[in-house]
Amino acid sequence: MKQTPTLYEWAGGMPVFEQLTTMFYKKVLQDALLEPIFKHMAPQHQQHVAHFIAEVFGGPKAYTEAGGSHFTMIRKHFSKHLTEQHRKRWVALLLETADEIELPGDPEFRSAFVAYIEWGTRIAVLNSNTDHIDLAEHEPMPRWGWGETGGPYQP
Ligand code: HEM
């Protein structure tokens, strides 16, 4: 039986994730709605986000090995006051970039990719409108695969 690749492998590995975020944040900084939110971001921001998503998709643990965690990432969004408009634009620009860099376009990969982006961005908006969440600091990184979400989140 053929082994199922991780989403990370199927996407093409780390250079692809780094290309995705590099091109994406160039667009973000040219976008009138998003530029004010991101204009002070750290120069390594693109790389951190690439490493974060790559790890979630089954790639190397570059984000956690550099000292990051799910909690660290969530905390970066605190008090940013993101709106649904910001989120929608962020998603649109990311998916546009995915097409431009020819991220795999097969239905299964794109479905899993979009599902994660939809989930992650909604969480970012929620956490950006608070400065406190009940999440343990050692909470494991999310792991995203090819399948269904497995039902609603019930604490
Ligand atoms: C799947 C969705 C998302 C992921 C995985 C993600 C990931 C990250 C990570 C890893 C950081 C920390 C970067 C660093 O340490 O340098 C970060 C920071 C940040 N993110 Fe997100 N993010 C997501 C969605 C969003 C959305 C939808 C927005 C706004 C529309 C947003 C706005 C920001 C901002 C403003 C920062 C701080 C930037 C700064 O350093 O000034 N994020 N995000």
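These numbers were taken from a predicted model, which means no experiment stands behind them. (Residues numbered from 1 in each chain as written. Predicted model: local features only at pLDDT ≥ 70, side-chain atom pairs only at ≥ 80, totals over all residues. Heavy atoms only, no water.)

A. Expanded view of the overall build of the protein chain. In terms of regular secondary structure, the protein chain is built from eight helices and zero strands. For the protein chain, the sequential pattern of α-helices and β-strands runs α-α-α-α-α-α-α-α. For 155 residues, the compact-globule estimate of 2.2 N^0.38 gives 15 Å, and the protein chain sits close to it at 15 Å. Taken across its 155 residues, the protein chain has 41% of its residues classed as buried. Here the analysis covers contacts within the protein chain between residues at least 6 apart in sequence; of these, 77% occur between residues at least 24 apart. (Helix = DSSP H or I, 4+ residues; strand = E, 2+ residues; numbered from the N terminus. Rg over C-alpha atoms; globule rule 2.2 N^0.38 Å. Buried < 20%, exposed > 50% of the residue type's maximum accessible area, 1.4 Å probe, protein only. Contact = heavy atoms within 4.5 Å.)

B. Examining helix 7 (residues 84-100) more closely. Here helix 7 contains 17 residues, and its C-alpha end-to-end distance of 24 Å stays within 8% of the 24 Å for a straight helix at 1.5 Å per residue. Considered for burial, the residues of helix 7 that qualify are His-86, Arg-87, Trp-90, Val-91, Leu-93, Leu-94, Thr-97 and Ala-98. In an axial view of helix 7, the angular spread of the buried residues amounts to 170°, which keeps them on one side of the axis. Of the exposed residues in helix 7, the ones pointing more than 90 degrees away from its buried face are Gln-85, Lys-88 and Asp-99. Of the surrounding elements, those touching the buried residues of helix 7 are helix 2 (14-29), helix 3 (35-38) and helix 8 (107-128). Taken from the residues just after helix 7, Glu-102 is the one with a positive phi, measuring 55°. (Expected span 1.5 Å × (residues − 1). Arc of directions from axis to C-beta.)

C. Expanded view of the nonpolar core. Phe-17, Tyr-25, Phe-57, Trp-90, Leu-103, Phe-113 and Tyr-116 are the most contacted members of the largest nonpolar core, which totals 39 residues. Contributions of two or more residues to this core are made by helix 1 (7-11), helix 2, helix 4 (45-56), helix 6 (70-76), helix 7 and helix 8. Ranked by residues supplied to this core, first place goes to helix 2 with seven residues. In this structure Phe-17 touches Tyr-8, Ala-11, Ala-50, Ile-53, Ala-54 and Phe-57, once residues within four positions along its chain are discounted. (Core = buried A, V, L, I, M, F, W, Y, C linked by side-chain atoms within 4.5 Å.)

D. Structural detail: the pattern of salt bridges. Taken as a whole, this structure holds eight salt bridges when the rule is applied. A salt bridge links Glu-96 to Lys-27; the shortest N-O distance between them is 3.2 Å. Of the two residues, Glu-96 is situated in helix 7 and Lys-27 in helix 2; the sequence distance between them amounts to 69 residues. Classification of Glu-96 as partly exposed rests on a relative accessible area of 38%. Taking the shortest distance from any N to any O, the salt bridge between Arg-87 and Glu-118 comes out at 3.3 Å. Taken together, the positions of Arg-87 in helix 7 and Glu-118 in helix 8 put the pair 31 residues apart, joining distant regions of the chain. Overall, Arg-87 belongs to the buried group, its relative accessible area being 6%. Look at Glu-118 and you get partly exposed, because its relative accessible area is 28%. (Salt bridge = Lys/Arg side-chain N within 4 Å of Asp/Glu carboxyl O.)

Without other data, these values stay purely geometric and don't point to any function.
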